[in-house]
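Fold and contact review
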Amino acid sequence: QVRLVESGGGLVQPGGSLRLSCAASGRIFRINHMGWYRQAPGKERELVARITSGGRLDYADSVKGRFTISRDIAKNTADLQMNNLKPEDTAVYYCNAQIIVLVTRDNLEVWGQGTLVTVSS
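Let me sum up the structure you'll find in this document. (Residues numbered from 1 in each chain as written. Predicted model: local features only at pLDDT ≥ 70, side-chain atom pairs only at ≥ 80, totals over all residues. Heavy atoms only, no water.)

This part is about the overall build of the protein chain. Looking only at helices and strands, the protein chain features 0 helices and 11 strands. For the protein chain, the succession of helices and strands along the chain, N to C, is β-β-β-β-β-β-β-β-β-β-β. Against the compact-globule benchmark of 14 Å for 121 residues, the protein chain has a radius of gyration of 14 Å, which places it among compact chains. By its C-alpha atoms, the protein chain is 50 × 25 × 25 Å across when sized along the principal axes. By residue count, 40% of the 121 residues in the protein chain fall in the buried class. Taking contacts inside the protein chain between residues at least 6 apart in sequence as the whole, the part at least 24 apart equals 58%. Carbon together with sulfur atoms contributes 47% to the accessible area of the protein chain, which is approximately 6,500 Å² in total. Each charge sign in the protein chain was given a centre, from 15 positive and 11 negative side chains, and these centres are 5 Å apart. (Helix = DSSP H or I, 4+ residues; strand = E, 2+ residues; numbered from the N terminus. Rg over C-alpha atoms; globule rule 2.2 N^0.38 Å. Buried < 20%, exposed > 50% of the residue type's maximum accessible area, 1.4 Å probe, protein only. Contact = heavy atoms within 4.5 Å. Areas by Shrake-Rupley, 256 points an atom, 1.4 Å probe, with all protein chains shown as cover. Lys, Arg positive; Asp, Glu negative; His and termini not counted. Charge placed at Lys NZ, Arg CZ, Asp CG, Glu CD.)

So, in structure tokens, the structure goes:
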């Protein structure tokens, strides 16, 4: 069994900053991709940022230059530093990871419960 838990969401003014954290736990053998997605009201869930075990980075065009994803492989955590936040960044942010579990070596696509980020003046 494995799970992801997000934290750090909240209310922030436009231009402000926020840092989201994601922690994976359970019977983890290895984590491949780890990243953040978001879903705004009335919209589809979209990729925000992702980092592979090899360090390759992917960002949505809308957040390039403002958001930074980082990962601590030893601690099974990933953070998303969000700067210069805009009202259109308002969404529920979800942590995502592809996790290989112990013993069976099954590949699991795991999602966190989500954390709400509201950007408003």
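The structure having been displayed, the exposition proceeds.
Here the focus is unusual backbone geometry. Of note in the backbone geometry, V103 takes a positive phi value of approximately 70 degrees without being a glycine. Mapped onto the fold, V103 is located in the loop between β9 (91-101) and β10 (107-111). A relative accessible area of 67% means that V103 is categorised as exposed. Here R105, not a glycine, exhibits a phi torsion of approximately 60 degrees, which is positive. Overall, R105 belongs to the partly exposed group, its relative accessible area being 48%.

In summary, the side chains of a regular strand alternate between the two faces of the sheet. The sheet contact formed by strand β4 (residues 28-39) and strand β5 (residues 46-51) spans 5 bridges and is antiparallel. Considered in β5, the bridge of M34 is made with I51. What sits between β4 and β5 in their antiparallel hairpin is a turn of 6 residues, with G42 showing a positive phi close to 75 degrees. Note: β5 against strand β6 (residues 57-59), 3 bridges, orientation antiparallel. From the neighbouring strand, R50 faces β6, where its bridge partner is D58. Hairpin connection between β5 and β6: a loop of 5 residues separates the two successive antiparallel strands, and G55 in this loop has a positive phi of roughly 95 degrees. (Pairing = 2+ DSSP bridges.)

Right, let's get into the pairing of strand β1 (residues 2-7). Only one face of β1 is buried, namely the one carrying V2, L4 and E6, since none of R3, V5 and S7 on the opposite face is buried. Examined bridge by bridge, β1 and strand β3 (residues 18-26) share 6 bridges and lie antiparallel to one another. Residue pairing for β3: V2 is matched across the bridge by G26.

Further remarks concern the sheet that holds β3. Taken together, 4 strands build an open sheet; the order of strands is β1-β3-β8-β7 and the sheet is antiparallel. Only two strands of the sheet have a single partner each, and these edge strands are β1 and β7 (67-72). Each adjacent strand pair in this sheet contributes to an overall mean axis angle of 15 degrees, direction not counted. Note: β3 against strand β8 (residues 77-82), 6 bridges, orientation antiparallel. Paired with S21 across the bridge in β8 is D79. (Axes fitted to C-alpha atoms, helices over the stretch in contact; angles between N-to-C directions.)

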